[in-house]
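Architecture and fold: a report
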Amino acid sequence: MPRTHRRTAVLAAAVVAVPLLLTGPATAAPPQEPDRPDAEELLVIGHRGAAGYRPEHTLASYELAARMGADYLEPDVVSTADGVLVTRHENEISGTTDVARHPEFADRRTTEVVDGVEVTGWFTEDFTLAELETLRAVERLPEAREENTLYDGLYRVPTLDEVLELREELSRELGREIGVYVETKHPTYFDGIGLSLEEPLLADLDEAGLDHEGAPVFLQSFETTNLRQLDEVVDVPLVQLVSPTGAPYDLVAAGDPRNYADLVSPEGLAEVAAYADGIGPDKNMVIPREADDTLGEPTSLVDDAHDAGLVVHPYTFRNENTFLPADLREGAAPDDYGRAIDEQLAFWATGIDGVFTDNPDTGVVSRELFEDEEAAA
Ligand code: G3P
Ligand code: CA
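Residues numbered from 1 in each chain as written. Chains lettered and ligands numbered in written order. Predicted model: local features only at pLDDT ≥ 70, side-chain atom pairs only at ≥ 80, totals over all residues. Heavy atoms only, no water.

**Description of the overall build of the protein chain**
Which entries qualify depends on this criterion: Helix numbering and strand numbering both begin at the N terminus, where a helix is a DSSP run of H or I of at least 4 residues and a strand a DSSP run of E of at least 2. Think of it in three bands: with a 1.4 Å probe and only protein chains considered, a residue is buried below 20% of the maximum accessible area for its type, exposed above 50%, and partly exposed in between. The contact criterion used throughout is that any non-hydrogen atoms of two residues lie within 4.5 Å. To be clear on the numbers: accessible area is Shrake-Rupley with a 1.4 Å probe, and residue cover counts the displayed protein chains and nothing else.
In terms of regular secondary structure, the protein chain is built from 13 helices and 12 strands. When the 377 residues of the protein chain are sorted by exposure, 52% land in the buried category. Of all intrachain contacts in the protein chain linking residues separated by at least 6 positions in sequence, the fraction that spans at least 24 positions is 68%. Entry remark: accessible area of the protein chain is about 15,400 Å², with carbon and sulfur atoms responsible for 51%.

This is the structure in structure tokens:
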């Protein structure tokens, strides 16, 4: 399907707001003009903000992403003990905060089983928001991203609410609508401990006026059940994240044998399209690596997803050699920058509809080069 027609079809696939499994007040969406970023544009999604340049999931990281030109900011969300959504990639926070240096929280260190895996550390669900606000974010990859450690200790763990406020302020200041692309992390796990993520997510979106059709919002998850539920109650586009291996944990927990490979078969994609508007695949599912780690040939995934009416936003594009195919690395150091723009040009050429990137400025440049090439062709 031509790009324009496909996107129009996909983005027109809004659902009627009907409260079903989720609790909380039902909110009738007021009629409003769509104010999303141009749906025909290829999207640059600031992964965890601008995680290549600032400690991830901090307001500073999100702000920089917007200023670099990202269309969407990508918060991953988990819950505090008092049911507030905060932005972290994991509920275990020793890798991205200074919690280990707080003696008053030493006795909170514990072991949990998250999605079937034993994890030891400190967990957001064991902290109230007030307690969590005493911590400071640190760089996840201090060796690879040494410059980012300049900012260690400066920033709090933000609430989703604060990110939505920042989005609004920056949209006003920059004169363009900046979107949010929110991922719920470990939804089955959080359901199991009585801290379901979807209700506070919908409440936060409602409060920010972002729960209506046309709002600049995507919601995404590696699980399926929560997306199916959200599809019944919210009018914003949903994205099914998929991985080269493994299975959605909600299906594992339910004894359902389907895995991610099943989800991305043509039949699986048709099923996904019944509740979602796009897929977010690992980039290696779009263009796999060869045995020598060089970039291979594209799979049929983009075409298959488009045939099912789904947009495709692969993750995660990063500038450093260690994340690039062998033939696009420059120099010997794994944390030196390689030819990330060339990598992204190869991916844009497959027909993808957006990129999750830790380096939104690189994403903006590669998109512009690709669009120039397309226009000249
Ligand atoms: O949500 C897209 C991408 O962020 C998925 O991977 O692990 O970085 O959340 P992750
Ligand atoms: Ca994510």
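**Structural notes on the site of ligand 1**
Our working rule: To be near a molecule or strand, a residue needs just one of its heavy atoms within 4 Å of it. Under the scheme applied here, ten amino acids are nonpolar (Ala, Val, Leu, Ile, Met, Phe, Trp, Tyr, Cys and Pro), four are charged (Asp, Glu, Lys and Arg), and all others, including Gly, are polar.
Residues in close proximity to ligand 1 include H47, R48, E74, D76, H89, E183, K185, Q220, F222, L241, Y315 and F356, which together make up its full environment. The protein chains hide 91% of the 280 Å² of surface that ligand 1 would expose on its own. For the shell around ligand 1, the class distribution of residues is 4 nonpolar, 3 polar and 5 charged.

**What to know about the coordination of the calcium ion (ligand 2)**
Our working rule: Water is not among the atoms examined, so metal sites may look incomplete; donors are the N, O and S atoms within 2.8 Å of the metal, or within 3.2 Å for Na, K and Ca. Angle rules define the geometry names used: all angles between 85 and 135 degrees makes four donors tetrahedral, while opposite donors over 155 degrees apart and all other angles between 65 and 115 make four donors square planar and six octahedral, leaving every other case irregular.
Around the calcium ion (ligand 2), the donor atoms from the protein are E74 (OE), D76 (OD) and E183 (OE), and they sit 2.2 to 2.3 Å away. Taken together, the 6 donor atoms coordinating the calcium ion (ligand 2) and their angles of 59 to 162 degrees define a geometry best described as irregular. In primary sequence terms, the donor set of the calcium ion (ligand 2) follows E-x1-D-x106-E. With a gap of 109 residues between them, E74 in strand β2 (residues 72-74) and E183 in strand β7 (residues 179-184) connect regions that are remote in the sequence. A relative accessible area of 2% places E74 in the buried class.

**Overview of the pattern of salt bridges**
What counts, and what does not: What counts as a salt bridge is simple: a side-chain nitrogen of Lys or Arg found within 4 Å of a carboxyl oxygen of Asp or Glu.
All chains considered together, the criterion is met by 21 salt bridges. With its nearest N and O atoms 2.8 Å apart, the salt bridge here joins D71 to R367. Taken together, the positions of D71 in the loop between α2 (59-67) and β2 and R367 in helix α13 (residues 360-376) put the pair 296 residues apart, joining distant regions of the chain. A salt bridge links E183 to K185; its shortest N-O distance comes to 2.8 Å. The exposure class of K185 is buried, given its relative accessible area of 7%. Shared partners join several salt bridges into a network, and the residues in it are R48, E56, E90 and R140.

**Quick notes on a negative patch on the surface**
The criterion, for reference: Patch criteria: residues need more than 30% relative accessible area and no salt bridge. Like-charged residues are merged within 9 Å; nonpolar side chains of Val, Leu, Ile, Met, Phe, Trp and Tyr are merged within 5 Å. Under the counting rule used here, the positive set is Lys and Arg, the negative set is Asp and Glu, and His together with the chain ends is not counted. The atom standing in for a charge is NZ when the residue is Lys, CZ when it is Arg, CG when it is Asp and CD when it is Glu.
Taken together, the side chains of E41, E368, E371, D372, E373 and E374 present a region of like negative charge at the surface. When you line up the elements, E41 lands in the loop between α1 (3-11) and β1 (43-47).

**Regarding the confidence of the model for the protein chain**
Which entries qualify depends on this criterion: Known as pLDDT, the predictor's per-residue confidence is scaled from 0 to 100.
Mean pLDDT over the protein chain: 91, with 89% of residues reaching 70 or higher. Across residues 1-38 the pLDDT falls below 50, and counting only partners more than four positions away or on other chains, this stretch makes 69 contacts in the model.

**Some words on the side chain of E92**
Here is the rule we go by: Polar contacts, as used here, are pairs of N or O atoms within 3.5 Å; protein pairs need one atom able to donate a hydrogen and one able to accept it. Residues neighboring in sequence count only if both atoms are side-chain atoms.
Its place among the elements puts E92 in the loop between β4 (85-87) and β5 (110-114). Buried within the structure, E92 lacks any salt-bridge partner; R109 is the closest side chain of opposite charge, at an N-O distance of 7.1 Å. Among the polar contacts listed, one links the side chain of E92 to the backbone nitrogen of S94, at a separation of 2.9 Å. Only 3.0 Å separates the side chain of E92 from the backbone nitrogen of W122, close enough to count as a polar contact. When near neighbours in sequence (up to four residues on either side) are disregarded, E92 contacts V119, T120, G121, W122 and F123.

**Some remarks on the pairing of strand β6 (residues 117-121)**
What counts here: Note on pairing: DSSP must find at least two bridges between two strands before they are called paired.
Strand direction decides the pairing type here: β5 and β6, joined by 5 bridges, are antiparallel. Paired with T110 across the two strands is G121, which belongs to β6. Where β5 hands over to β6, the hairpin turn is made up of 2 residues, of which D115 adopts a positive phi near 50 degrees.

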